[in-house]
Amino acid sequence: MKIHGPNHMNMNPYKKQIQKQAELEQSGKQQDKIEISSEAKQMQEANQAVEARQKKVAEIKQQIESGEYQIDPKATAQKMIDFWTNK
């Protein structure tokens, strides 16, 4: 006498998974989509300020290399004092 379990039929346990994959492939390929948030747009616009700052730094570097850049020690000291006293 042979005893067969509940799965005695020739069933592939992965058949449902294979069918799901086939259905997804037949339904068509989805296209990628991108959305830029308002914060990201603002950051891109802020990049213009960065470019202006880089231009200013390049000008100062050029002045330092040519020896034309003059430092005012009193103004530097005053700004340091203002910074540390939170004025």
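Residues numbered from 1 in each chain as written. Predicted model: local features only at pLDDT ≥ 70, side-chain atom pairs only at ≥ 80, totals over all residues. Heavy atoms only, no water.

## Looking at the overall build of the protein chain
Working step 1: Regarding its fold elements, the protein chain presents three helices and zero strands.
Working step 2: Scanning the protein chain from its N terminus toward the C terminus, one meets helices and strands in the order α-α-α.
Working step 3: Taking all 87 residues of the protein chain together, the buried fraction comes to 0%.
Working step 4: Only carbon and sulfur atoms are counted for the fraction: they give 53% of the accessible area of the protein chain, which is about 9,700 Å². (Helix = DSSP H or I, 4+ residues; strand = E, 2+ residues; numbered from the N terminus. Buried < 20%, exposed > 50% of the residue type's maximum accessible area, 1.4 Å probe, protein only. Areas by Shrake-Rupley, 256 points an atom, 1.4 Å probe, with all protein chains shown as cover.)

## Points about the confidence of the model for the protein chain
Working step 1: Across the protein chain, the average pLDDT comes to 81, with 79% of residues at or above 70.
Working step 2: When mean pLDDT is taken per element in the protein chain, helix H3 (residues 73-84) scores highest with 94 and helix H1 (residues 15-26) scores lowest with 78. (pLDDT = per-residue confidence, 0-100.)

## Some thoughts on a nonpolar patch on the surface
Working step 1: There is a patch of nonpolar side chains on the surface, built from Ile 64, Tyr 69 and Ile 71 and spanning about 320 Å² of accessible area.
Working step 2: Residue placement: Tyr 69 occurs in the loop between helix H2 (38-66) and H3. (Patch = residues over 30% accessible without salt bridge, like charges linked within 9 Å, V, L, I, M, F, W, Y side chains within 5 Å. Salt bridge = Lys/Arg side-chain N within 4 Å of Asp/Glu carboxyl O.)

## A closer look at H3
Working step 1: Over its twelve residues, H3 extends 17 Å from the first C-alpha to the last, a length consistent with the 16 Å expected when each residue adds 1.5 Å.
Working step 2: Phi turns positive, to about 60°, at Asn 86, one or two residues after H3. (Expected span 1.5 Å × (residues − 1).)

## Some details on the packing of aromatic side chains
Working step 1: Summed over the entire model, instances satisfying the criterion amount to one aromatic pair.
Working step 2: With 4.9 Å between their ring centres and 85° between their planes, Phe 83 and Trp 84 make a pair best called edge-to-face. There is no split in this pair, since Phe 83 and Trp 84 are both exposed. (Phe/Tyr/Trp six-rings, centres within 6.5 Å; stacked < 30°, edge-to-face > 60°.)

## Observations concerning the pattern of salt bridges
Working step 1: What the rule picks out here adds up to one salt bridge.
Working step 2: Glu 35 is the partner of Lys 33 in a salt bridge, and the nearest nitrogen-oxygen pair spans 3.6 Å.

## Digging into H1
Working step 1: The end-to-end C-alpha distance of H1 is 16 Å, a good match for the 16 Å that twelve residues give at a rise of 1.5 Å each.
Working step 2: For H1, a buried count of zero out of twelve residues is recorded, marking the element as mostly open to its surroundings.

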